[in-house]
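Chain by chain, the residues run as shown.
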Amino acid sequence: MARTALFLCAIAFASVVRYHPLHADLDAGWAWAVNALPGEGVVFGRDVAFTYGPLARYILPMNVGSNLMAGMAFQTAMWVVFSGALAVAVFIQRVPLSGLALFVAGLFFGLRSFDSAGYAGPDVFTVFTVLLLLGCSLEGRKWHVPFGAAVALAALLGLVKFSSFAMAAGACAMFAAGWWLLEGRRAVQAGLLALAIPVLLLVFYMIYDPSPPAFLQYLRAGWEISSGFSVAMTLYINPGIRYAGGVLGCYLLAVIALGWRREAVFPLGLSLLLPLFISFKHSFIRESGHHHIVFAFAPWVLGVLMLFAPRKGWKHWAPLLPLAPAAALIWAWPESRMLVDGALAVRKATVLDLTRTAAVRQALDEASRGALEQLRLPAAVVGAVGSEPVAVFPWALHVAAANPLRLHPFPILQSYSAYTPYLDDWNAAFLRDRARAPAKILLQWAAIDGRHPLADVPATALEMFRHYEPVVEEGGWLVLKRRVARAFGGVRTLRTLRWKVGEPWEISGDAPLVRCRFRLNLAGKLRNAALGVPAVEAVMETERGRVFAYRIVPPVLASGFLAGMSPHGLTEFAALLGGAAPDRVISLTIAGRGAKYLASSVDVELCEIEGWKAAPREMGKELAPRGVQDSMAPEILNGIGVARRSEVIPVPVGDGVVRLTGWAADGLLGEAAAGVEVWIDGRRTLARMGLPRPDVVSIKRCAKCLHSGFEWVYPAAKLGRSEHALEFRILHKDGESYYQSPRKLRFRIE
């Protein structure tokens, strides 16, 4: 009775299905695309690529075509396979009741994995089913049946999500490897079965699209996007990493102990190690919205291992003792309450929803209504696009769900994911080929993590400049149309240099394109393998005195840094496409927390572009003084509060950048200042203006000051250890005059 009750609890906990309404955020763009594009004849591998594959629409179905019904059926089928595997373990193999109880507990506390990172869930559950099947393969003469099922599911995941495929396929391979310690013959048999994974993946893909070149392109793009994630997408580490690292360390000790004692469960313990590590790495590469993944996945791992633990004998249980502190660390994690809350809250949809799809469709349509309204484009933009094929840059693909657009997407669906020259070049080749290129591009000036939307994809950006021109700009959108003839020709290397990371690089006017080949040093390679490389920044100084700092993805700059055409906003980009003179970058410094993980020297190619005319050097015109106005405040300098401080302030510059933030307004006009000049030691520079400051609106009672925030950056390498002085000018909107601010700052670099 207890065995049956625990079994029923387990399959009830696991009976969750996932489906999604349309949202208006970044991730919803690709989620809608993987649902909608297959119905338009778009083929993954041949036409597009992402971390998700052609079957992804079944694990994150939306009410698009037949996806909802098919997705719920697919997820229900995975639940049936899971239930069958658990039934074998519980009723045929007769696993111990104690292990079954711990398995059910682990399943309950791990249920948040169904909604742990936005659209993740059913793919993780399929990985979990693979792990359960591996456990069923530990004993019995017909062990190859559950192992073969695990192999088939792992291969199928290759068409769902690349990282989940890596977890499942890696687990199968490590399971086979674990048998070398116990039984060589079974190790050989399991190894041969595991080798069937790539063969089956090829067969599955050929059924989907019988094109070997497309299959290879699908694999390479998936690999490069997934492997590039730990360099391109890192954010600051959450304190929970100490707890997660402890869990991983305790589990590793248990696996070593199992191997030392040659316990029969060792192959399973070894196979679970890779999925646990991948979940750990994915949690803390990009902590925001992800850091709880490993804490939800780890209870599953511990539960599966305990399910198939030795039936009796203290000496057989002893190697599993390190799992007790692992479980304690999960519970001691300050946010552990979310595991319980998540397990209780996740019961929003079950496999029974397959019987009421009409009601589910209606609920999804209602929940999507607000997003559709947010995604409506201005009439002028829709009219400018017309009925011609249009690509969307950088990520808002789901505007096609709310507007009559003929979507023709970039191969790498969202540009921030084109982490490598190969991926960037695929998008660039798409624009270069007149037969495949879209007639129009619908563009927003948007980027993640303080990145520059064009520096993210320099080869693609160059092709936009070469082949497209502006049509209309309205409501934050810019429509581009393909030129009749290209604006300029090819690229030629002028000379090669070797520059030092951290030192200012002076860029000559005859080199509008600079190719930089960054490499990780040994510390960077080790950190990248274990977790991820922190953010690397490029500090750019222009001819007109502007200084900008953007996060960069170092590998992709092998395609080139657009020094001669680097706009800093939508209007400026449109003007450059229309033939306006650029504000050329004259100095570039590599800084940021991740710069120390790069090799100290960088191979650089200075390149010219055929037909590209460098604009004459512009220093900015002299502005007329209007008097003094105390309507701005420098506030934070490298994390230190500096408002109204008159003494010399010691400033740390661990990441190689001096960064000042504050706000500025035109006190007479009662609105945000048109700009801020920052004079450092008598040298004029310009801050980046327009950052949101709702606090200024309320505190200063200035309704038009919402975008009065500014940021000023300067490379620390250009400053010595002596005292430095900052003075400020508030620019008038006429573009010809300024107010002198009485605020001054003095600082010294530590």
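Throughout what follows, the structure given in this document is the object of discussion. (Residues numbered from 1 in each chain as written. Predicted model: local features only at pLDDT ≥ 70, side-chain atom pairs only at ≥ 80, totals over all residues. Heavy atoms only, no water.)

1. Looking at the overall build of the chain
Moving on, step 1. When its secondary structure is counted, the chain shows 24 helices and 24 strands.
Moving on, step 2. The C-alpha radius of gyration of the chain comes to 29 Å, within 12% of the 27 Å expected for a compact globule of 750 residues.
Moving on, step 3. Here the C-alpha coordinates of the chain stretch approximately 90 × 60 × 55 Å along the principal axes.
Moving on, step 4. Within the chain, the proportion of its 750 residues that are buried is 57%.
Moving on, step 5. Across the chain, every contact between residues at least 6 apart in sequence was considered, and the portion connecting residues at least 24 apart equals 76%.
Moving on, step 6. Within the structure as shown, the chain displays about 29,600 Å² of accessible surface, and the carbon and sulfur contribution to it stands at 60%.
Moving on, step 7. Positive and negative charge centroids in the chain, built from 75 and 57 side chains respectively, lie 8 Å apart. (Helix = DSSP H or I, 4+ residues; strand = E, 2+ residues; numbered from the N terminus. Rg over C-alpha atoms; globule rule 2.2 N^0.38 Å. Buried < 20%, exposed > 50% of the residue type's maximum accessible area, 1.4 Å probe, protein only. Contact = heavy atoms within 4.5 Å. Areas by Shrake-Rupley, 256 points an atom, 1.4 Å probe, with all protein chains shown as cover. Lys, Arg positive; Asp, Glu negative; His and termini not counted. Charge placed at Lys NZ, Arg CZ, Asp CG, Glu CD.)

2. Things to note about the side chain of Ser601
Moving on, step 1. Summarising the element assignment, Ser601 is placed in strand β12 (residues 601-609).
Moving on, step 2. Apart from residues no more than four positions distant in its own chain, Ser601 is found in contact with Arg498, Trp499, Lys500 and Arg519.

3. Side note on the packing of aromatic side chains
Moving on, step 1. Applying the stated criterion to the full structure yields 32 aromatic pairs.
Moving on, step 2. Look at Tyr205 and Tyr208: their rings are 5.5 Å apart centre to centre, the planes differ by 70°, and that puts the pair in the edge-to-face class. With Tyr205 and Tyr208 both in helix α9 (residues 196-208) and three residues apart, the pair spans about one turn of that helix.
Moving on, step 3. Look at Tyr205 and you get buried, because its relative accessible area is 0%.
Moving on, step 4. In textbook terms, an aromatic cluster arises when at least three aromatic residues are bridged by ring pairs, as seen for Phe82, Phe103, Phe125, Phe128, Phe297 and Trp300.
Moving on, step 5. Taking the ring centre of Tyr422 as reference, the NZ or CZ of Arg220 above it sits at 3.8 Å. (Phe/Tyr/Trp six-rings, centres within 6.5 Å; stacked < 30°, edge-to-face > 60°. Lys NZ or Arg CZ within 6 Å of the ring centre and 35° of its normal.)

4. Some points on the sheet that holds strand β4 (residues 468-474)
Moving on, step 1. Strand order in the open sheet made by the five strands is β2-β1-β3-β5-β4, with mixed pairing throughout. Each of the sheet's edge strands pairs with one partner strand only, and the pair in question is β2 (406-407) and β4.
Moving on, step 2. Relative to β2, strand β1 (residues 389-393) runs parallel, the two sharing two bridges. Bridge pairing in β2 places Pro389 opposite Arg406.
Moving on, step 3. Relative to β4, helix α21 (residues 458-467) is tilted by about 90°, and along the sheet it contacts β1, β3 (440-444), β4 and β5 (477-482).
Moving on, step 4. The strands touched by helix α23 (residues 570-577) are β3, β4 and β5; relative to β5, the strand with the most contacts, the crossing angle is about 20°. (Pairing = 2+ DSSP bridges. Axes fitted to C-alpha atoms, helices over the stretch in contact; angles between N-to-C directions.)

5. Description of helix α2 (residues 26-36)
Moving on, step 1. Counted residue by residue, α2 has nine buried out of 11 residues, so it is predominantly covered.
Moving on, step 2. Where α2 is buried, its residues meet α3 (67-92), α19 (399-402) and β2.
Moving on, step 3. Where α2 starts, the residue carrying a side-chain oxygen 3.1 Å from the main-chain nitrogen of Ala28 turns out to be Asp25. (Polar contact = N/O pair within 3.5 Å; in protein donor to acceptor, adjacent residues only side chain to side chain.)

6. Some points on the state of the cysteines
By definition, a disulfide links the sulfur atoms of two cysteine residues through a covalent bond.
Moving on, step 1. Going through the model one piece at a time under the given rule, you end up with one disulfide.
Moving on, step 2. Disulfide pairing places Cys702 opposite Cys705 at an S-S distance of 1.9 Å. Around the S-S axis, the bridge from Cys702 to Cys705 shows a dihedral of about 60° and counts as right-handed. When sorted by exposure, Cys702 lands in the same class as Cys705, which is buried.
Moving on, step 3. Cys9 carries a free sulfur, and the closest cysteine sulfur to it, the one in Cys136, is 19 Å from it. (Disulfide = S-S within 2.5 Å.)

7. Details of the pattern of salt bridges
Moving on, step 1. Following the criterion strictly, the structure yields 38 salt bridges and no others.
Moving on, step 2. With a shortest N-O distance of 3.3 Å, Asp510 and Arg495 are connected by a salt bridge. Taken together, the positions of Asp510 in the loop between β7 (505-506) and β8 (513-517) and Arg495 in strand β6 (residues 491-500) put the pair 15 residues apart, joining distant regions of the chain.
Moving on, step 3. The partly exposed category is assigned to Asp510, whose relative accessible area is 40%.
Moving on, step 4. With its nearest N and O atoms 3.7 Å apart, the salt bridge here joins Lys744 to Glu727. In this pair, Lys744 is assigned in strand β24 (residues 737-749) and Glu727 in strand β23 (residues 723-731), connecting sequence segments 17 residues apart.
Moving on, step 5. Given a relative accessible area of 33%, Glu727 falls into the partly exposed group. (Salt bridge = Lys/Arg side-chain N within 4 Å of Asp/Glu carboxyl O.)

8. Focus: the environment of Pro21
Moving on, step 1. Relative to the elements of secondary structure, Pro21 occurs in the loop between α1 (2-13) and α2.
Moving on, step 2. When its relative accessible area of 15% is taken as the criterion, Pro21 is described as buried.
Moving on, step 3. The spatial distance from the C-alpha of Pro21 to the C-alpha of Arg361 is 9.2 Å, given a sequence separation of 340 residues.
Moving on, step 4. Beyond its immediate stretch of four places on either side in the chain, Pro21 contacts Met62, Leu364, Ala367 and Ser368.

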